[in-house]
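Spelled out, the chains give:
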Amino acid sequence: MPDHILPQSQDHQPGLEGLMQPKAEHIRASYKGSGKLTGKKALISGGDSGIGRAAALHFAREGADVAILYLEEHEDAKETIRLIEKEGRKGLAIAGDVSSSQTCNSAVEKTVKELGGLDILVNNAGVQIVQEEISAISDQEWQKHMDTNINGYFYLVRAALPHLAKGSAIINTSSINAFAGNKALLAYSTTKAAEMGFTRALALQLVSKGIRVNAVAPGPIWTPLQPASWGPVDPQSVADLGKDTPMGRCGDPSELGPAYVYLASNDASFVTGQTLHVNGGMIING
Ligand code: NAD
Ligand code: MG
């Protein structure tokens, strides 16, 4: 678990792993793979860092080859690929903006071509811009949340679907803020709730194809998104991250990875349209 987070800020979003103090943990040394995803091919948006990197490394340890789609953080992407390869699996890094349907189409094509197929799609790329007042949110800022956090999920699923056979899985990263709301994250909370409707409707639509669709709703997690979104507003709030949860702390990405493995694997063969809440004990209805 993250210890002694210092007050800090990153002045650019997406944030970078390398600037975080302390470093986040993405997979525990003690996590043992048991071949749950042997031979599977996965594509993870936002897989260069944070929760997406955790999903990537857990998938690789469980035997999957993994492509990551990320905006521009080449160093973080390179490190994630190095770690995937260290697990003895194939890694593929694709830079591109999920708010373009063409980019999503070509990312899927590249994944299928390089990895030889696609079985697991994780929609996880996201932006989060803090604004205390609705009047401070510009049209452009509102639209950026929609374009990235919900349109990107739609574009990637639409592109992936022709390649997904029976037994495939789609996992959408939502947020506790979809359920609890967050007064300083109006645009973000709106998109995270949209992802929930998307998850439920898509699960029903794809059930006859044998494709499962689920979501993970993390609470506060120690990722570059935190210093890059809350940091510029209040560096101390980054140090206080998660202190309001029942566990009194934020989570590490390593505490999220196993939830993605569960939903991606055949262990969850009777689970679709659901949300796994990994949030330090906050009680959520829905
Ligand atoms: P992160 O910064 O490590 O990951 C977000 C990733 O999204 C970045 O790596 C970036 O490459 C990618 N991205 C952003 N805009 C993009 C674009 N236009 N095109 C392509 N990629 C783009 O932070 P994270 O916290 O791991 O975020 C991952 C997901 O988890 C997000 O959907 C976020 O909303 C969600 N989430 C995070 C927390 C948390 O506490 N960290 C809590 C709940 C939900
Ligand atoms: Mg990143």
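Residues numbered from 1 in each chain as written. Chains lettered and ligands numbered in written order. Predicted model: local features only at pLDDT ≥ 70, side-chain atom pairs only at ≥ 80, totals over all residues. Heavy atoms only, no water.

**Student:** What is the right way to look at empty space enclosed by the protein in this model?
**Tutor:** The gaps left among the atoms become clear once a water-sized probe is rolled over them. Scanning all chains against the criterion turns up 1 cavity of 30 Å³ or more. There is about 30 Å³ of room inside the largest cavity. Those elements that place two or more of their residues in the lining of the largest cavity are helix H4 (139-160) and helix H6 (186-206). Looking at the lining of the largest cavity, its residues break down into 6 nonpolar, 2 polar and 1 charged. (1 Å grid on protein atoms, 1.4 Å probe; cavity = no way out; pocket = protein on both sides within 12 Å on 5 of 7 lines; lining within 4 Å. Points joined across faces, edges and corners; volume = space filled by probe spheres on them. Helix = DSSP H or I, 4+ residues; strand = E, 2+ residues; numbered from the N terminus. Nonpolar A, V, L, I, M, F, W, Y, C, P; charged D, E, K, R; others polar.)

**Student:** Help me understand the packing of helix H1 (residues 50-61) against helix H9 (residues 257-264) in this model?
**Tutor:** For any two helices packed against each other, the geometry comes down to the angle between their axes and how far apart the axes lie. Closest axis-to-axis distance for the H1/H9 pair is 8 Å, and the angle between their directions is 55 degrees. Classified by the angle between their axes, H1 and H9 sit oblique to one another. Where H1 crosses over H9, the two elements pack in a sense that is right-handed. Residue-level contacts link Ile51, Ala54, Ala55, His58 and Phe59 of H1 to Gly257, Pro258, Tyr260, Val261 and Ala264 of H9. Looking at the contact of H1 with H9 residue by residue, the class counts come to 8 nonpolar, 2 polar and no charged. (Axes fitted to C-alpha atoms, helices over the stretch in contact; angles between N-to-C directions. Parallel < 35°, antiparallel > 145°, perpendicular 65-115°, else oblique. Left-handed = near helix turned anticlockwise from the far one by under 90°. Contact = heavy atoms within 4.5 Å.)

**Student:** How should H9 be read in this particular structure?
**Tutor:** Most of H9 is tucked away, with 6 of its 8 residues classed as buried. Those residues of H9 not exposed but buried are Gly257, Ala259, Tyr260, Val261, Leu263 and Ala264. Residues of H9 that are buried make contact with H1, strand E4 (120-123), strand E5 (169-173), strand E6 (212-218) and strand E7 (275-278). (Buried < 20%, exposed > 50% of the residue type's maximum accessible area, 1.4 Å probe, protein only.)

**Student:** Explanation requested: the sheet that holds E7 in the structure shown.
**Tutor:** The pairing of strands in a sheet happens through backbone hydrogen bonds and is either parallel or antiparallel. The 7 strands are arranged E3-E2-E1-E4-E5-E6-E7 in an open sheet whose pairing can be described as parallel. Of all the strands in the sheet, the pair left with one neighbour each is strand E3 (91-95) and E7. Here the strands of the sheet are splayed against their neighbours by 15 degrees on average, with no regard to which way each runs. Sheet topology places strand E2 (residues 65-70) next to E3; 5 bridges connect them, and they run parallel. Across the sheet, residue tyrosine 70 finds its bridge partner in E3, namely alanine 95. Its contacts with the sheet place H1 against strand E1 (41-45), E2, E4, E5 and E6, and it is angled at close to 170 degrees to E1. (Pairing = 2+ DSSP bridges.)

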